[in-house]
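Letter by letter, the chains look like this.
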Amino acid sequence: MIARHVAESGDLGEPARGGPEIGAARRRKEDARLVTGRTRWTDNIQLPGMLHVAFLRSPLAHARVLRADASPALGRPGVVAAFTGRDLAGELGGLPCAWPVTEDIVMPDHPPMAADEVRYAGEAVACVIATDRYKAHDALEYIEIDYDPLPAVVDLTAALAEGSPTVHDAGNRAYVWKFSAGDTEAAFRDAPVVIERAYLQQRLIPAAMEPRAVVAQTDGETFTLYSSTQIPHVLRVMLAQVTGIPEHRLRVIAPDVGGGFGSKLQVTAEEALALLLTRRLGKPVKWTESRTEGNLSVHHGRGQLQRVAIAAEADGRLRGLRVDLLADLGAYLMLITPGVPVLGGFMYPGIYKMDAYDFTCTGVFTTKMPTDAYRGAGRPEATFAIERLMDELAAELGLDPVEVRRRNWIAHEEFPHTTIAGMTYDSGNYEAATEKALTLFGYDALRAEQARRRDRGDPVQLGIGVSTFTEMCGLAPSRVLGSLSFGAGGWEHAAVRMLPTGKVEVVTGTSPHGQGHVTAWSQIVADALGVPFEDVSVLHGDTAVAPKGMDTYGSRSLAIGGVALLQACDKVKEKARHVAAHMLEASADDIEFSQGVFRVRGTGSGTTIQEVALAVFGAHDLPDGAEPSLDSDATYDPVNFSFPHGTHLCAVEVDTETGATTIRSYVAVDDVGKVINPLIVEGQVHGGLAQGIAQALFEEAVYDAEGNLLTATLADYLVPSAADLPGFVTARTETPATSNPLGVKGVGEAGTIASTPAVVNAVVDALRPYGVHDVPMPCTPERVWRALQGGTGAAHRTTVPEGGS
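Calculation notes
- Residues numbered from 1 in each chain as written.
- Predicted model: local features only at pLDDT ≥ 70, side-chain atom pairs only at ≥ 80, totals over all residues.
- Heavy atoms only, no water.
- Phe/Tyr/Trp six-rings, centres within 6.5 Å; stacked < 30°, edge-to-face > 60°.
- Helix = DSSP H or I, 4+ residues; strand = E, 2+ residues; numbered from the N terminus.
- Buried < 20%, exposed > 50% of the residue type's maximum accessible area, 1.4 Å probe, protein only.
- Lys NZ or Arg CZ within 6 Å of the ring centre and 35° of its normal.
- Core = buried A, V, L, I, M, F, W, Y, C linked by side-chain atoms within 4.5 Å.
- Contact = heavy atoms within 4.5 Å.
- Salt bridge = Lys/Arg side-chain N within 4 Å of Asp/Glu carboxyl O.
- pLDDT = per-residue confidence, 0-100.
- Pairing = 2+ DSSP bridges.
- Axes fitted to C-alpha atoms, helices over the stretch in contact; angles between N-to-C directions.

1. Some remarks on the packing of aromatic side chains
Per the counting criterion, the structure on display carries 16 aromatic pairs. Centroid distance Phe179 to Tyr357: 5.9 Å. Interplanar angle 50°. Geometry classified as tilted. Pair noted here: Phe179 is in strand S7 (residues 173-181) and Tyr357 is in strand S15 (residues 356-365), with a separation of 178 residues, a long-range link. On the basis of relative accessibility, which here comes to 22%, the residue Phe179 falls in the partly exposed class. Aromatic ring contacts, followed pair by pair, group Trp177, Phe179, Phe346, Tyr348, Tyr357 and Phe359 into a single cluster. In this structure, Arg322 packs its charged tip against the face of Phe188, placed 4.1 Å from the ring centre.

Now the structure itself:
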């Protein structure tokens, strides 16, 4: 569908003869193999003598483990070993948290397998290792665990109340992180308009197409871990620390990985335990989660209570913003759990100018699965809050929602612009993106239709939602991450190997899991070195092959890894230029390079980069002192984040009698800077829109009062299919990033960040004449209907009151 859409735009295919690869909508190199079953998922791996692991998980959210005995499982068919958490407690360190956001943060020990106390339903307490997966699972029921139930801690606000049961001895408050700029008190004092709202960012469960899977093996000296992970390099470092296996004796391989969305940006208990078990047993072991097991034990996303307020002038200009955030961290701090809501703290002001901003985030422990990064990681939550508030402000003042945004956004001539949150946006043009979106959407005509429907009291009302956004992505530079107490750098590495035949191997530290890096990286190299697109191969995802990297997350790969690759290509060309000069009996200063050919300036004499590569391989006649290699590498650490932006418009039809919501049209105009491959960008936007709309209308992880997850299957947790989603109208504007030589920004999270508030704003807009100011997410038919019953207007009215937005 995406390919057809791009083809209809005339952009699909190879570049014009002699034209640049960058900007061409190349079909992805990866796809033929992926769609014809010639992939290597972790669960496909079969090794001689392989054993299979199954985990027994706590049925209780909070309990002491009084007794644990795995021995009854040992006599079951096929069972090789069985262990409880107490059996393994002495061999592993706690799982790591790499983002202690404050000096006094509470960092409880996080054992990979619970030994004395369980703190969420689904936490592993024992395991069986057997000759096949089913025998391992069958034997789990013979393990004996006696629990002493403890009170669950589920509600965020109640968790902080005096006398609340505690998840850890140190209490339920993990940290308080504050940021303030300007005089917020003055901004709110005597402000003509103050709007206060509370929004609940429901918990979401990542649902990557490929479930998590791990295979571990050892030869007695070295260890290899295959994992469906986004972060093989980070994982290697962390697992060396957790298991005590020296880093140089541990190899991590991420085979084909079927999606992640942040859920595989993690160091999981199962990965650590797989290494421990293969070390104990001397045989390879495999674990693959079921979908239910995944819903219980993959980290969740979102889970925040946002108490927000804006102060504005009577004409709609913003004076100040306050955010008081409660972040549901779950039972433990996983890899970047504390930093996710803090990251969002820099984006609540969005694209708007204001005089003051105050942000407080309180991290709260609960007896639920820990939260961590999920597509956008803090930035969708922030964008949702400010974009909902902008619509509320427009309604309060009787202004069009687009107009109130125009009065507050950063004008294109004001870039670079440092926001009240301290971010320096390098480039953007919010006016252009919005105008394009309004035209494609038919905004004025839809508003006119909306007015007619309201006038005649149509039971199916039309709602129009607006979302203008930016995000900070390309997580780096390292010095900024360090100032935020992030435990890793933000650089990226790339290497380019010129082979004797003129073909090119690229080694990248990024670790794609569906993004299309192999294709995009080939396009960058093809233009930089003047070699055919088909002559470039890309190696990744194996710490023995690509030893340096910071991996893929946070829309960082192109803006950082792509630039590292470009710099490595520049080094190759510089080496080759000196060799070419020697071959052409000219001065290197007189050598020009264009489209893969080195030429002596002002003459017809030249040689191709492939001929230079072969000459270097032979090394029979190189310049004095030249090493016989063109291979080069580069490590790039940017000076700033990148800031893509866009305007999304959504029209919904809401049946006021049933609460059913249908998306009638959706327009997304994104500005992601320079585009390497528009086909890949289209795919990223479409996928992001689906996930953002899913939060708005469909998905929610629900726990009961005892801490039981009620949405542990895909029958209970509604992941929308293509049939549930509309066709999307997408377009772009282009303001190149000024912070990197490619001019690129991120695109992986844009659709998710912008779409959720666009949809909810549309739903509320449809219902606003009925006195409805909010519908909690997901806006299911029941919730819409209940909002109508509780609105200050009469849901059963046949005449819609005047004054709606």
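So that's the structure; there's more coming.
2. Digging into the nonpolar core
Of all hydrophobic cores here, the largest spans 146 residues; its most connected members are Tyr348 and Tyr666. Not counting residues up to four positions away in its chain, the partners in contact with Tyr348 are Gln304, Gln306, Val308, Leu321, Val323, Leu325, Tyr357, Phe359, Glu381, Ala382, Ala385 and Ile386. One finds Ile524, Leu566, Leu630 and Ile676 within the second-largest nonpolar core, a separate group that totals 46 residues.

3. Some remarks on unusual backbone geometry
Look at the link from Phe415 to Pro416: it is a cis peptide, with omega at -5°. Along the polypeptide, Pro416 turns up in the loop between helix H12 (401-406) and strand S16 (417-418). Of the consecutive residues Met777 and Pro778, the connecting peptide bond is found in the cis state with omega at -10°. Within the fold, Pro778 resides in the loop between helix H20 (750-767) and helix H21 (781-790). Of note in this structure, Asp551 is not a glycine but carries a positive phi near 75°. Following the sequence through the fold, Asp551 ends up in the loop between strand S21 (536-539) and helix H17 (557-583).

4. A word on the pattern of salt bridges
Across all of its chains, the model carries 55 salt bridges by this definition. The closest approach of N and O atoms between Asp256 and Arg33, which form a salt bridge, is 2.7 Å. On the criterion of sequence distance, the pair formed by Asp256 in the loop between strand S11 (250-253) and helix H8 (269-281) and Arg33 in helix H2 (residues 31-35) is long-range, its members being 223 residues apart. Residue classification places Arg33 among the partly exposed residues on the basis of a relative accessible area of 34%.

5. A word on the confidence of the model for the protein chain
Summary statistics for the protein chain give a mean pLDDT of 95 and a share of 96% for residues scoring 70 or more. In this model residues 792-805 is a low-confidence stretch, pLDDT under 50, and it forms 25 contacts with partners more than four residues away in sequence or in other chains.

6. Brief notes about the sheet that holds strand S5 (residues 124-130)
The strand order S3-S5-S1-S12-S9-S10-S11 describes an open sheet built from seven strands, whose pairing is mixed. Looking at strand neighbours, the two that pair on one side only are strand S3 (79-84) and S11, the edges of this open sheet. Neighbour to neighbour, the strand axes of the sheet diverge by 20° on average, direction disregarded. Where strand S1 (residues 51-57) lies against S5, six bridges are found, and the strand directions are antiparallel.

7. Concerning the sheet that holds strand S20 (residues 504-508)
Strand order across the open sheet formed by four strands is S21-S20-S19-S25, with mixed pairing between neighbours. On the outer flanks of this sheet lie S21 and strand S25 (632-636), each paired with one strand and no other. Between one strand axis and the next, the sheet turns by 20° as a mean value, whatever way the strands run. Of the pairings in the sheet, the one linking S20 to S21 comprises four bridges and is parallel in character. Within the sheet, the bridge partner assigned to Glu505 lies in S21 and is Ser537.

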